[in-house]
Amino acid sequence: MHNLGILLSGRGSNFIAIADSIDAVRIPNARIAVVISNKADVAGIETAKQRGIKALVIPSKGVPREEHDRAVVAALKENSVEWICLAGYLRLLSPWLVQQFPQRILNIHPSLLPAFPGLDAQKQAFDYGVKVSGCTVHFVDEQLDHGAIILQKTVPVLDTDDDRTLAARILEQEHVAYSEAINIVLGGRYKVAGRRLIQG
Ligand code: GRF
């Protein structure tokens, strides 16, 4: 059984999708050991509590990045976390934190990276006029939205879309993609060669 730690800052729909996958045995060999938010009073923390999952708030406002990250890592280690899933965690990780969990931190981003990193990726893509967008699950390295790609899912941009309808359809795919990516890494049958993750 692998221990996952979820870091989030908001509504937590990707966290819920992962928790649902575990409950439905679509992710057969993992449990969520702890959910940590850097913001108080967010839906993701409420949901975790309702589901009986350990939930912690470690406030980040006004705290130097690495000092906050040291508190987060202490909580992750206390809960024996092996794999970290960023799920709408709106805070850059310090290089120090990334180095504590090399190739063990996953993130989901709502675009086909390397297109449209950063905030409001769905609106960036929509405004750019792309015909296809999607989502990316990737390892986290020291750069924003940058590490090796685990998997991507495409979503067509329809003529009838606005940025919100596009974001909603991407989110549906995010919820599928994250669990698939977790199964890939927990399965262990992959290698990372340069930027390329190769399965088998
Ligand atoms: C998702 O769109 C995710 O791709 C991005 O932040 C959003 C988080 O949504 N990194 P939720 O909190 O998981 O619902």
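Let me begin by describing the structure that accompanies this report.

Procedures and definitions
- Residues numbered from 1 in each chain as written.
- Predicted model: local features only at pLDDT ≥ 70, side-chain atom pairs only at ≥ 80, totals over all residues.
- Heavy atoms only, no water.
- Buried < 20%, exposed > 50% of the residue type's maximum accessible area, 1.4 Å probe, protein only.
- Helix = DSSP H or I, 4+ residues; strand = E, 2+ residues; numbered from the N terminus.
- Arc of directions from axis to C-beta.
- Contact = heavy atoms within 4.5 Å.
- Axes fitted to C-alpha atoms, helices over the stretch in contact; angles between N-to-C directions.
- Parallel < 35°, antiparallel > 145°, perpendicular 65-115°, else oblique.
- Left-handed = near helix turned anticlockwise from the far one by under 90°.
- Nonpolar A, V, L, I, M, F, W, Y, C, P; charged D, E, K, R; others polar.
- Near = heavy atom within 4 Å.
- Polar contact = N/O pair within 3.5 Å; in protein donor to acceptor, adjacent residues only side chain to side chain.
- Areas by Shrake-Rupley, 256 points an atom, 1.4 Å probe, with all protein chains shown as cover.
- 1 Å grid on protein atoms, 1.4 Å probe; cavity = no way out; pocket = protein on both sides within 12 Å on 5 of 7 lines; lining within 4 Å.
- Sits in = over half its atoms within 2 Å of the grid points.
- Domains from an automatic or database assignment.
- Points joined across faces, edges and corners; volume = space filled by probe spheres on them.

**Let's talk about helix α2 (residues 43-50)**
Every buried residue of α2 is listed here: Gly44, Ile45, Thr47 and Ala48. Taken end-on, α2 shows its buried residues confined to a sector of 160°, consistent with a single buried face. Residues Lys49 and Gln50 are exposed on α2 and point more than 90 degrees away from its buried face. Looking at the buried residues of α2, the elements they touch are β1 (2-8), α1 (13-23), β2 (30-37) and β3 (55-57). Note on α2: the residue one or two positions beyond its end, Gly52, has a positive phi of about 75°.

**Focus on the packing of helix α5 (residues 121-128) against helix α6 (residues 163-187)**
In contact at an axis separation of 9 Å, α5 and α6 are set at 125° when each is read in the N-to-C sense. In terms of orientation, α5 lies oblique with respect to α6. The handedness of the crossing between α5 and α6 is right-handed. Seen from α5, the contacting residues are Gln122, Lys123 and Phe126; seen from α6, they are Asp163, Leu166, Ala167, Ile170 and Glu174. Of the residues belonging to the contact of α5 with α6, the class tally is 4 nonpolar, 1 polar and 3 charged.

**Describing the site of the ligand**
With respect to spatial proximity, the complete set of residues near the ligand consists of Arg11, Gly12, Ser13, Asn14, Gly88, Ile108, His109, Pro110, Gln122 and Glu174. Here an oxygen atom of the ligand and a side-chain polar atom of Ser13 are 2.5 Å apart. Here the ligand has 370 Å² of accessible area as a free molecule, and 85% of this is covered by the chains. More than half of the atoms of the ligand fall within 2 Å of the grid points belonging to the largest pocket. Contributing elements (two or more residues each) for the shell around the ligand: α1 and β5 (105-109). Residues of the shell around the ligand, tallied by class, amount to 2 nonpolar, 6 polar and 2 charged. Taken domain by domain, the makeup of the shell around the ligand includes at least three residues from each of domain 1 (1-101) and domain 2 (109-200).

**Things to note about the layout of surface pockets**
In this structure, the largest pocket occupies an estimated 1,000 Å³ of space. Along the wall of the largest pocket there are 38 residues; nearest its centre are Gly88, Tyr89, Leu90, Pro110 and Leu119. Looking at the lining of the largest pocket, the elements that each hand over two or more residues are α1, β5, α5 and α6. Of all the elements, α6 adds the most residues to the lining of the largest pocket, at 6 residues. Among the residues making up the lining of the largest pocket, the classes are represented as 16 nonpolar, 12 polar and 10 charged. No fewer than three residues from each of domain 1 (1-101) and domain 2 (109-200) sit in the lining of the largest pocket.

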